[in-house]
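Examining the three-dimensional arrangement
Below are the chains, spelled out letter by letter.
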Amino acid sequence: MTHSSGAAPGEARVRAAREQRLADRLAAALARPTAQQPEWPDPARARSVVARLRASPPIVTESETAQLSERLSAVARGEAFLLQSGDCAETFSEATEPHLRANLGLLKRMALLLAHAAGLPVVPLARMAGQYAKPRSRPVDADGLPVYRGDMVNSAVRTLAARSPDPERMLRAHGHAARVMALARTVYAQELADPCAGILSYLQGVPGGDRFARTAERIGPDPSPRSEQIYVGHEMLLLDYECAPLQTAGFTTGPEPLLASPLAHFLWIGERTRGLGDAHLAVAELLANPVGVKIGPSTTPEQAVEYVRRLDPHGTPGRLTLISRMGHALVREVLPPIVEKVTATGHQVVWQCDPMHGNSRTTADGRKTRHFDDIVAEISGFFEVHRTLGTHPGGLHLEATGEDVTECLGGARGLREDDLSARYRTACDPRLNAEQSMELAFAVAELLTAVSRPAARQTTLHSSRSQR
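Residues numbered from 1 in each chain as written. Predicted model: local features only at pLDDT ≥ 70, side-chain atom pairs only at ≥ 80, totals over all residues. Heavy atoms only, no water.

1. A short note on the overall build of the chain
Selection rule: Strands are runs of DSSP state E lasting at least two residues, helices are runs of H or I lasting at least four, and both sets are numbered from the N terminus onward. The cut-offs for exposure are 20% and 50% of the maximum accessible area for each residue type, with area from a 1.4 Å probe on protein chains only; residues under the lower value are buried, those over the upper are exposed, and the others partly exposed. Note on contacts: a residue pair is in contact if any heavy atoms of the two residues lie within 4.5 Å. Computed with a 1.4 Å probe, the accessible areas rest on the Shrake-Rupley method; for each residue, only the protein chains presented here act as cover.
A count of helical and extended segments in the chain gives 14 helices and twelve strands. Out of the 468 residues in the chain, the part that is buried amounts to 54%. A separation threshold of at least 6 residues defines the contact pool for the chain, and within that pool the share at least 24 residues apart is 78%. Counting only carbon and sulfur atoms, one obtains 51% of the accessible surface of the chain, whose full area is about 19,400 Å².

2. A look at the sheet that holds strand β2 (residues 122-127)
The cut-off we apply is this: A pair of strands is treated as paired once DSSP finds two or more bridges between them. Fitted lines through C-alpha atoms serve as axes, helices being fitted only where they are in contact, and the angles separating the N-to-C directions of these axes extend from 0 to 180 degrees.
Strand order in this closed barrel of eight strands is β1-β2-β3-β6-β7-β8-β9-β12, and the pairing throughout is parallel. Mean inter-strand twist for the sheet, computed between neighbouring axes without regard to direction, equals 25°. Across three bridges, the pairing between β2 and strand β3 (residues 231-235) is parallel. Residue alanine 126 lies in a different strand from β3, and its bridge partner there is valine 232. Here helix α3 (residues 62-76) sits on the sheet and contacts β1 (81-86), β2, β3, β6 (266-269) and β9 (350-353); the angle it forms with β2, its principal contact strand, is near 125°. Strands β1, β2 and β12 (395-399) of the sheet are contacted by helix α4 (residues 97-118), whose axis makes an angle of about 155° with β2.

3. Some thoughts on unusual backbone geometry
Phi is positive for glutamine 36, which is not a glycine, with a value near 65°. Mapped onto the fold, glutamine 36 is located in the loop between α1 (7-30) and α2 (43-54). Classification of glutamine 36 as buried rests on a relative accessible area of 19%. Not every positive phi belongs to a glycine, and alanine 129 is a case in point at roughly 60°. Relative to the helices and strands, alanine 129 resides in the loop between β2 and α5 (160-163). Given a relative accessible area of 0%, alanine 129 falls into the buried group.

4. Digging into the nonpolar core
One broad rule of soluble globular proteins: the nonpolar side chains tend to lie buried together. Stated formally: To define a nonpolar core, start from buried Ala, Val, Leu, Ile, Met, Phe, Trp, Tyr and Cys residues and group those joined through side-chain atoms within 4.5 Å.
In this structure, Leu83, Met128, Met170, Tyr241, Leu322 and Ile379 are the most contacted members of the largest nonpolar core, which totals 101 residues. By residue number, the principal contributor to this core is α4, which donates eleven residues. Excluding its chain neighbours within four sequence positions, the residues that come into contact with leucine 83 are Leu107, Met110, Ala111, Leu114, Val122, Val123, Pro124, Leu125, Leu396 and Leu398. Formed by 14 residues, the second largest nonpolar core is a distinct cluster that contains Leu68, Leu72, Ala74 and Tyr231.

5. Details of the pattern of salt bridges
Put simply, the rule is: When a carboxyl oxygen of Asp or Glu is within 4 Å of a side-chain nitrogen of Lys or Arg, the pair counts as a salt bridge.
Tallying each qualifying case throughout the model produces 26 salt bridges. For aspartate 166, the salt bridge is made with arginine 45, and the minimal N-O distance between the two is 3.0 Å. Within this pair, whereas aspartate 166 is found in the loop between α5 and α6 (168-190), its partner arginine 45 is found in helix α2, the two being separated by 121 residues in sequence. Taking relative accessible area as the criterion, aspartate 166 reaches 22% and is therefore assigned partly exposed. Arginine 45 sits in the partly exposed class, given a relative accessible area of 36%. Connected via shared salt-bridge partners are Arg127, Lys368, Arg370, Glu399 and Asp429.

6. Some remarks on the environment of proline 57
Within the element layout of this structure, proline 57 appears in the loop between α2 and α3. On the basis of relative accessible area, proline 57 is assigned to the exposed category, the value being 55%. Residues proline 57 and histidine 174, spaced 117 residues apart in sequence, show a C-alpha to C-alpha distance of 9.1 Å.

7. What about the pairing of β12?
Looking along a regular strand, one sees the side chains alternate between the two faces of the sheet. In terms of burial, β12 is a largely internal element, five of the five residues being buried. Sheet topology places β1 next to β12; five bridges connect them, and they run parallel. Bridge pairing in β12 places glutamine 84 opposite histidine 397. Examined bridge by bridge, β9 and β12 share two bridges and lie parallel to one another. The residue of β12 that forms the bridge with glutamine 352 is glycine 395.

8. Comments concerning the packing of α2 against α6
In plain terms, the rule: Note on angle classes: values under 35 degrees are labelled roughly parallel, values over 145 roughly antiparallel, values of 65 to 115 roughly perpendicular, and the remainder oblique. Basically, the charged four are Asp, Glu, Lys and Arg, the nonpolar ten are Ala, Val, Leu, Ile, Met, Phe, Trp, Tyr, Cys and Pro, and anything else, Gly included, counts as polar.
Axis separation between α2 and α6 bottoms out at 8 Å; the angle between their running directions is 25°. One way to sum up the angle between α2 and α6 is to call them roughly parallel. In contact with Arg45, Val49, Val50, Arg52 and Leu53 of α2, α6 contributes Glu168, Met170, Leu171 and His174. Considered class by class, the residues forming the contact of α2 with α6 number five nonpolar, one polar and three charged.

9. Quick word on the confidence of the model for the chain
As a reminder of what qualifies: Think of pLDDT as the predictor's per-residue confidence, scored from 0 to 100.
Taken as a whole, the chain shows an average pLDDT of 90; of its residues, 87% reach a score of 70 or greater. Contacts of residues 1-6 to residues separated by more than four positions or lying in other chains number three contacts, the stretch itself having pLDDT below 50. Ignoring residues within four places in sequence, the model shows residues 454-468, a span with pLDDT below 50, making zero contacts including any to other chains.

10. As for the pairing of β2
Quick note on the threshold: Seen with its strands pointing away from the viewer, a crossover is right-handed if its path from the first strand over the helix to the second goes clockwise.
Of all six residues that make up β2, six are buried, and the element is covered over most of its length. Burial along β2 is two-sided: the residues Val122, Pro124 and Ala126 and Val123, Leu125 and Arg127 are all buried. The sheet contact formed by β1 and β2 spans six bridges and is parallel. Each residue of the ladder has a partner; that of glycine 86, found in β2, is arginine 127. For the handedness criterion, the β-α-β arrangement of β1, α4 and β2 is classed as right-handed.

Following this line, the structure appears as structure tokens:
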């Protein structure tokens, strides 16, 4: 390559050196212990797929990711609320427009309701366009077959051939994710010409829906910015897939260069891969994207502070989301010392509640499920903790679908265990259905209203004093 000026070769050398340092740091991160990774039967074939992934087109843009970073900064400062929702595990067969419309329409309805209740913008974040890999508690299932790890790795079909990890599935996952993201941008902007009418339609015939309907009728203009941008995120699990297309970021959260993931706007580390000495955390340290960490009941305050120190080294508000998934029986006990210890550091993180994973149970016939009341109870405890400590309950992380499935117990219709078999369709963990999700949104709206009213009174009092 030739250059027309003496400065250009120097700039190229600086850029090359910077990219080499990032490559070296990434290699060092990937040399650490890893968990929940498949054993590819043909490693050479897997390396060939990874090489093809490096040249794959981006699924999201850096400008969108930078925009989400700004909006999460507002959440961390208590000026917005984060709503994350979608399938437990996406599948290739359900990457269809009707399924996307159902899930995105639900997300938009819930966001509108919560924005009205909180008087704050709501940031919509879909579990979408990449949630094709899942961590599992055991390597084999009840039949002795390799466990299903998501469509990115193998098939749910119960045969040895189907369950064998296939690296070509990473390319299929990327292709599906790209199409889903392109469709989601259009669908989210178009969905719900009249969102209020959509909310009311969900309540027709629902037991006790009259009380909710009166609330829905009072909904005014959405206080969120009138951008129709939808953001997507998934668990950063399969490192071959996640790390292949990383590139030097055009934006950063500190003085040193970082890597941008073109696969999602937001990535989180799960409960099973958050080891402080493990590769997932070391890779997340190198990302310019906003990141999250799931923290379960075994998390200590000291561990939480270490996550903050390593993932938010420059104190950037909203750079890190701590996603608590404690279970309804433990949230009031375990979460407060963590919040206190992190708050004392001065870092402004997003506090998000995942009320799903800590409340799982298994039925007598072997189905995983959750009870609606337990989900509401954990969210209530989450709000109670933050209200007591004077911190901002920044968001929710739900597994939910806009379709009429029967996977979670309870709700207004009182689904029982013998109802689950009717439409139990999840590829992995149980999701709230459309009706249960809207009922949950109304319950959370009441919690948000209770939180916002004292703040509003305090603002009014301050204003009246300043006028004297």
